[in-house]
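This is what each chain is made of:
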Amino acid sequence: MQLDTIAAISTPMGEGAIAIVRLSGEEAINIAGKLFQGVGEKRLTDVASHTIHYGHLIDPKTNEVIEEVMVSVMKAPKTFTKENVVEINCHGGLVSVNRVLQLVLNAGARLAEPGEFTKRAFLNGRIDLSQAEAVMDLIRAKTDRAMNVALGQMEGRLSKLIQRLRQEILETLAHVEVNIDYPEYDDVEEMTHKLLIEKASYVKKEIEKLLQTSQQGKILREGLSTVIVGRPNVGKSSLLNSLVQENKAIVTDIPGTTRDVIEEYVNVRGVPLRLLDTAGIRETEDIVERIGVERSRQVLKEADLILLVLNYADELTLEDENIFAAVEGMDVIVIVNKTDLPQKINLERVEELAKHHKLVTTSLLEDVGVDELEEAIASLFFAGSIDSGDITYVSNSRHIALLNQALQSIEEALEGVQAGVPIDIVQIDYIKTWELLGEIIGESVHDSLINQLFSQFCLGK
Amino acid sequence: MQYEAGNYDVIVIGAGHAGAEAGLAAARQGAKTLVLTINLDMVAFMPCNPSIGGPAKGIVVREIDALGGEMGKNIDKTYIQMRMLNTGKGPAVRALRAQADKFAYQHEMKKTLENEPNLTLVQGMVESLIIEDDTCKGVITKTGAMYYSKTVIITTGTFLRGEIILGELKYSSGPNNQQPSIKLSEHLEELGFELVRFKTGTPPRVNGNTIDYSKTEIQPGDENPRAFSYETTKYITDQLPCWLTYTNEFTHQIIDANLHRSPMYSGMIKATGARYCPSIEDKVVRFNDKPRHQIFLEPEGRNTEEVYVQGLSTSLPEDIQHQLIRTVPGLEQAQMMRPGYAIEYDAIVPNQLWPTLETKKIKNLYTAGQINGTSGYEEAAGQGLMAGINAGRRALGKDELILSRSDAYIGVLIDDLVTKGTNEPYRLLTSRAEYRLLLRHDNADMRLTEIGHKIGLISEERYQKFLAKKEKIEAERERLQSTIIKPKKEVQELIKSLGGSELKDGIKASDLLKRPEMSYAHIAQIIPSEVELDDEVIEQVEIQIKYEGYIEKSLQQVERLKKMENKKIPIDIDYEAINGLATEARQKLKTVHPLSIAQASRISGVNPADISILLVYLEQGKIARVSNE
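Residues numbered from 1 in each chain as written. Chains lettered and ligands numbered in written order. Predicted model: local features only at pLDDT ≥ 70, side-chain atom pairs only at ≥ 80, totals over all residues. Heavy atoms only, no water.

Some remarks on the side chain of Thr422 of chain B
Residue and element names in this part refer to chain B. Take Thr422: it is sitting in the loop between helix H11 (409-420) and helix H12 (444-454). At 2.6 Å, the side chain of Thr422 forms a polar contact with the backbone oxygen of Glu424. Ignoring any residue separated from it by four or fewer positions in sequence, one finds Thr422 in contact with Phe198, Pro350, Asn372, Gly373 and Leu417. (Helix = DSSP H or I, 4+ residues; strand = E, 2+ residues; numbered from the N terminus. Polar contact = N/O pair within 3.5 Å; in protein donor to acceptor, adjacent residues only side chain to side chain. Contact = heavy atoms within 4.5 Å.)

Here you go:
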């Protein structure tokens, strides 16, 4: 709990040039060593303390190069935590740093709890007594907040899906247990290797599906990059404000890092939007005007979603038509705003221009049409999937790491069963999978197995 | 009229499965021990099923034996049938189970107690304890005898305010119509102990001469019976079979029609029963889709015709029991000799105990067995042994012995009890052990002989034998790890005949053994050992090599556990003074008083955040002490 090796992103979230993933603990150097490929035969486990090394991080599963990095190795006890510490400097940006973190977590580190580096520094005698109370407050406050965040996520589909998977495993476990503890009860079907393979394969497939959603999770981790465009005074800032107010900004999904509320991130019905250059909107009200047509086209091209705003109370202009031309072929939602004022716009023309896009009419001032807009955003994002209602997206680094571990352990279970290892022994891996999944939703109580045992089977003397 | 009756180091109240082990363990460590029982004819009596062992429980018996306890030896001398269960499964869950000659069993145990030099066995009913300054100093019996001692162990089983319930009938009684112990229960309450009311039950017994066995299936013992004790050399080969039959729709109809007369359903029984030990009426109601339930007919001994009807545990009225029995194939003409019944009794809420089984409230007072909320002879004996060891050591001025969850099932059992308490009679199950691959039937001696020897319960001779065995295992393991098997023709042919894939290259013998189709015997065929190895050595070598990867995984978990266990919490810790603990956690911590961070983290309601805070607080205290110096 305390002496294992922990890891976290230790630079603020954002678009810095460099980000740092820090590891602390006995295994820090070994874990980083497993992933690091330096120049020549250089191995991190051999290098001197307090040195920095250039190289690449390799995914040991696929041998794929993940990142170009500089790695600092600091051996205990002369470090911040008095434990072995490794700092991996990688390229800034959420995607790369998250990938590095996940790699490290998959390799055996545990995601640090809020304030845990500081706590370790304290526990190892690095911080003096006067700071003790402060540390305790920190742990309590941050844990509570992290728990609240976690609880928020609990209500989601992810938790239901995980619960279902766990129940599936639990029933299997109870079945195996009953065979062990009541070997003579003939009315309990004997759990066979074949049945176990079926169950394990199912669980594995489901976990893989979940992890796949995390792959396309760029969107979920980074947000769907969204640009609001339109002529001056069509209501772009109102739209921004409306989205932010309605949905509040996203709170960091990585506990332990201090990325607080970032206003440019909003969560619309589960779709995180990263509103690009929104600061620009606030300052000049008009991105097109501010950075010129060429530059703005560039920005538009990089966007995942365009919110194109038109003025209901004004006639369509050439500028509007140009914007339509600029966003052709992209995911666009056309918003005809200011319906509280008398109509001047030619709606037929708008419909023609927007025939490949979604069209919503709003009065942001009077809060009319916002629901439809959000619906449009959500349905656009989830489009393409057959049954969007069933998709569960995993976006939290901790969850992804746990899912990866769970996947590994169910794969080991599967290998074990296929190799003919006795059922009660491979069960070790089933239980581990079950516990790891439980950690995602904050449940790992062992007693539930025993409860399952007695509710599922009729036992006794 | 009270009189002074003597001075002892240790007094054990009760001579059931817990009391017998407790008395012997204390006496064998050198403590002058008195064992008091309400009825001398009931020493180590089996009021319920005439069997010992089974999954988890059988491993406990092996552990008791490895620590120098008596249960294994006693059953080895008195079984009528021995079976190894779960042989088709992995080594971690194999377990022995013996059918006992219950009368021989109790006579044999009584003889052992009587012949133990440091032990005095006396009939007497203890009604109160002698307590001074919250410390137990002795006991007083109904007849006025005052015995003084340094420590006292209570092992009263189901006798405390016992009440037998049979249909509409309810009367004050211990098990099997023994005298109940009422005053002692009241006394414990006065001392401030929190008691709970639990319930258990037993099925009727029938006369074997009236059973038509041709309608049942025979369940014989193993052809080559094995022993519980590592010291047993003589095996009983003359075994008696058990018999299997089933209930049917008529049985179930009778139960359904008479549920209103069942004390379970009429509300007469309020105490908590165990889910793993349901009565037949419970099974029929809860699992009403099941067309039949198994009934095992188990002989109660060699010199009796009484047969235990396992699976028909009931508290229905006697007249209904007569009808019930006769619906079962083979029992149509069966004559019921004793009816089944339910029994309610007082138990102590076990989180009032330290992991040594000493009570937190009264110093030098220990409790063990069913009084601590468990059920089962083996669970009782395991606790009795540990309470006997610790009460004995206390009396002799030695330090305590606590088994960890990674040492033994006994460790799991006691830790569960004192850390989590229990809201139903507690039974060991293999699933309660996190490290069951390490806590095997076969390696109980490897795990515990060292400890047993250290505390003086394992003789030097046995210890030397154990060391020799250990050495042989090591040597053979090393040999297999360092010998390369080359892909010679006869090797390839052997592998092919077993359905494995041929070797491409030379391979370590140990790696070849890891293949599922290979056994030690196959390896020995290719590279025979120069020294003769007995089966127990071979079993160890085979398991240790074959399941190395999984064992390694478990050991890593244990390593983490040990680190947390080494973080001790001082007994005088003031939880009120720790800022930031959640209210529920604070209350639980105050009640349980965990001795280590590991134990604290197992308490339900104590969250990781609370543990973090606790760690910081403990560390703060350490720093504070250092800076004061």
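Some points on the pattern of salt bridges
Residue and element names in this part refer to chain B. This structure, assessed with the given rule, holds 65 salt bridges over all chains. For Arg394, the salt bridge is made with Glu358, and the minimal N-O distance between the two is 2.9 Å. Placement of the pair is Arg394 in helix H10 (residues 377-395) and Glu358 in the loop between strand E19 (341-348) and strand E20 (365-367), with a sequence separation of 36 residues. Given the relative accessible area of 30%, Arg394 is considered partly exposed. Given a relative accessible area of 6%, Glu358 falls into the buried group. (Salt bridge = Lys/Arg side-chain N within 4 Å of Asp/Glu carboxyl O. Buried < 20%, exposed > 50% of the residue type's maximum accessible area, 1.4 Å probe, protein only.)

A word on the packing of aromatic side chains
Residue and element names in this part refer to chain B. In total, this model carries three aromatic pairs over all chains according to the counting rule given. For the pair Tyr8 and Tyr147, a centre-to-centre distance of 6.2 Å together with 55 degrees between the ring planes defines the contact as tilted. Of this pair, Tyr8 sits in strand E1 (residues 3-13) while Tyr147 sits in strand E9 (residues 145-154), and the two are 139 residues apart along the sequence. Overall, Tyr147 belongs to the buried group, its relative accessible area being 8%. For the ring pair Tyr463 and Phe466, a centre distance of 6.2 Å and an interplane angle of 25 degrees mean the geometry is stacked. Within this pair, Tyr463 and its partner Phe466 are both found in helix H13 (residues 460-482), separated by three residues, close to a single helical turn. Given a relative accessible area of 10%, Tyr463 falls into the buried group. Residue Phe466 is classed as buried on the basis of its relative accessible area of 5%. A cation over an aromatic ring shows up here: Arg62 above the ring of Tyr230, its NZ or CZ 4.0 Å from the ring centre. (Phe/Tyr/Trp six-rings, centres within 6.5 Å; stacked < 30°, edge-to-face > 60°. Lys NZ or Arg CZ within 6 Å of the ring centre and 35° of its normal.)

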